[in-house]
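Working through the structure, step by step
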Amino acid sequence: TQSTWGTLNLLDSRTFICAPVAAASHRRMPLLRTEFSAYSVEFSPFFDNVFAVGCAQHYGIIGQGRQYICRVVGDAIEVTRSFETRDGVYDCAWNEANEHQLVSGCSDGSIKLWDLGAPANPLASFAEHTNEVSSVDWNLTRKDLFASASWDATVKIWSPTVAQSLRTLAEHRYCAYSVAWAPSRDGVLASASGDGTLKIWDLKAPSSAATIPAHDFEVLAVDWCKYNENVVASGSIDKSIRLWDLRSPAAPLAVLGGHGFAVRRLKFSPHAESLLASVGYDCATMLWDTAAPAAPILHRSEHHREFAVGLDFNLFVPGQIATCGWDNAVHVFAQGSVVPPTP
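In this report, the structure presented in the accompanying data block is examined. Note that residues are indexed from 1 along each chain, following the sequence as it is written. Residues qualify for local features only when their pLDDT is at least 70, as the model is predicted, and side-chain atom pairs are given and counted only at 80 or more; totals for whole chains, interfaces and linings, by contrast, use all residues. Note: side-chain values were computed over all heavy atoms of the structure, leaving out hydrogens and water.

**Here we look at the overall build of the protein chain**
We count a stretch as a helix when DSSP gives it H or I for four or more residues in a row; a strand needs E for two or more, and each element gets its number in order from the N terminus. When helices and strands are counted, the protein chain shows 1 helix and 28 strands. It is over C-alpha atoms that the radius of gyration is taken, and the globule rule equals 2.2 Å times the number of residues to the power 0.38. Computed over the C-alpha atoms, the radius of gyration of the protein chain is 18 Å, within 12% of the 20 Å expected from 2.2 N^0.38 for a compact globule of 343 residues. With the C-alpha coordinates aligned to their principal axes, the bounding extent of the protein chain is approximately 50 × 50 × 35 Å. Exposure categories follow from relative accessible area, calculated using a 1.4 Å probe and restricted to protein chains: below 20% of the type maximum is buried, above 50% is exposed, and the middle band is partly exposed. Considering the protein chain as a whole, with its 343 residues, one finds that 59% of them fall into the buried category. Charge assignment: positive for Lys and Arg, negative for Asp and Glu; neither His nor the chain ends contribute. Every charge is mapped to an atom, namely NZ of Lys, CZ of Arg, CG of Asp or CD of Glu. The average position of the 26 basic charges and that of the 35 acidic charges among the side chains of the protein chain differ by 1 Å.

**Focus: the pairing of strand 27 (residues 320–325)**
In terms of residue burial, strand 27 counts as a mostly covered element, since 6 of its 6 residues are buried. Residue alternation in strand 27 divides its side chains into two sets, Q320, A322 and C324 and I321, T323 and G325, and both sets are buried. Only strands that DSSP links by at least two bridges are regarded as paired with each other. Across 5 bridges, strand 26 (residues 308–313) lies against strand 27 in antiparallel orientation. Paired with G310 across the bridge in strand 27 is C324. If you look at the hairpin formed by strand 26 and strand 27, you'll find 6 residues sitting between the two strands, and G319 has a positive phi there, around 90°. Across 6 bridges, the pairing between strand 27 and strand 28 (residues 329–334) is antiparallel. Directly across from G325, in strand 28, lies its bridge partner A329. Hairpin remark: strand 27 followed by strand 28, antiparallel, with 3 residues in the connecting loop; positive phi at N328, about 60°.

**Brief notes about the side chain of S191**
Within the secondary structure layout, S191 lies in strand 15 (residues 188–193). Among the polar contacts listed, one links the side chain of S191 to the side chain of H172, at a separation of 2.7 Å. We call two residues in contact when some of their heavy atoms are within 4.5 Å. Among residues more than four places away in sequence, those in contact with S191 are V155, H172, S178, V179, T197, L198, K199, W201 and V222. Pairs of N or O atoms within 3.5 Å make up the polar contacts considered here, provided that, within protein, one atom can donate a hydrogen while the other can accept it, and that residues adjacent in sequence are counted only when both atoms are side-chain atoms.

**Quick word on the state of the cysteines**
Disulfides are defined as cysteine sulfur pairs within 2.5 Å. For the coordinates displayed, the defined rule picks out 0 disulfides. We note that C92 lacks a disulfide partner, and the nearest cysteine sulfur, in C324, lies 8.1 Å from it. When its relative accessible area of 1% is taken as the criterion, C92 is described as buried. C324 carries a free sulfur, and the closest cysteine sulfur to it, the one in C55, is 7.1 Å from it. Look at C324 and you get buried, because its relative accessible area is 0%.

**With respect to the environment of N49**
Along the polypeptide, N49 turns up in the loop between strand 2 (37–43) and strand 3 (50–56). Sequence separation of N49 and K143 is 94 residues, and the distance between their C-alpha atoms is 22 Å. Look past the residues within four positions of N49 in its chain and what remains in contact with it is C70, R71 and V72.

**Considering the sheet that holds strand 10 (residues 133–138)**
Ordered in space as 10-11-12-13, the 4 strands form an open sheet in which the pairing is antiparallel. The open sheet is flanked by strand 10 and strand 13 (167–169), the only strands paired with a single partner. Going from strand to strand, the sheet's axes swing by 20° on average, the running direction of each strand aside. As paired elements, strand 10 and strand 11 (residues 146–150) share 5 bridges and run antiparallel to each other. By the bridge assignment, W138 is partnered in strand 11 with F146. Each axis is a line fitted through C-alpha atoms, and for a helix only the stretch in contact is used; angles between axes span 0 to 180 degrees, taken between their N-to-C directions.

Here it is as structure tokens:
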């Protein structure tokens, strides 16, 4: 280990993003306790109650990993499948073209491809990165591609059917912590790095399309607005989230402050243009209204007892969020709910 982790037609989106799903706070909320620290959670793009959780033993510093496949059944979570890895799993992403497949980014620099319908797994192991794979993301428009970011400072483009990477993007000067494909622009992606920058890449070009000096400290997270292809958000160990308009990136659109420590992961909602969620090293989960920069904080919850590092929205259940953390817990809840702390 070299580094520390420094389409709904909503007439009133603010009312929607503030309101929990009816009666959600009046019943027990789904909770999964994992044997290892939970690093990443991602809902299936095919099923409304299925999600994956990537875990790492001993906080990901040393030891093995595990990839869980789970489903929500009523107010409980069932583990339907799990895969063991020699080293920790730092991130996971579902294959957007195959409901049975997903990839895991591992702390030994490898990427495992799992197939829930195959008799033997992993289906493939990609081993080009020379340091930890910190982020994996599947392309939403070209569903035959996924990307990985690594502490070796590179971003790689892969096809699940090709043994070698299709391309290596090697302009960052320090660890690449996060990678995210644009939701509607073919071949365009963003990466966040410990060198303090965001880079925008277009695979049709020989080099990066833009470099944004986003923060004075390490940038741990990046995501695209699902409704505006020109807007991205970045999260940093400086405790802030910054919104960027790629057409005029000289200064951020807004700076969102509220986390007490590093912002580890952030996600834009697939259901409301201005809704952003984040988790951080202050153990907090926060919801933000990016359309109200003067008073952006919608909700704050500290239901995790250790670093909160994983986050996702359910594409099929508006208002449903999953978070996970180093307290060996995965919580599934309705946005705005009072979430009981991890026992």
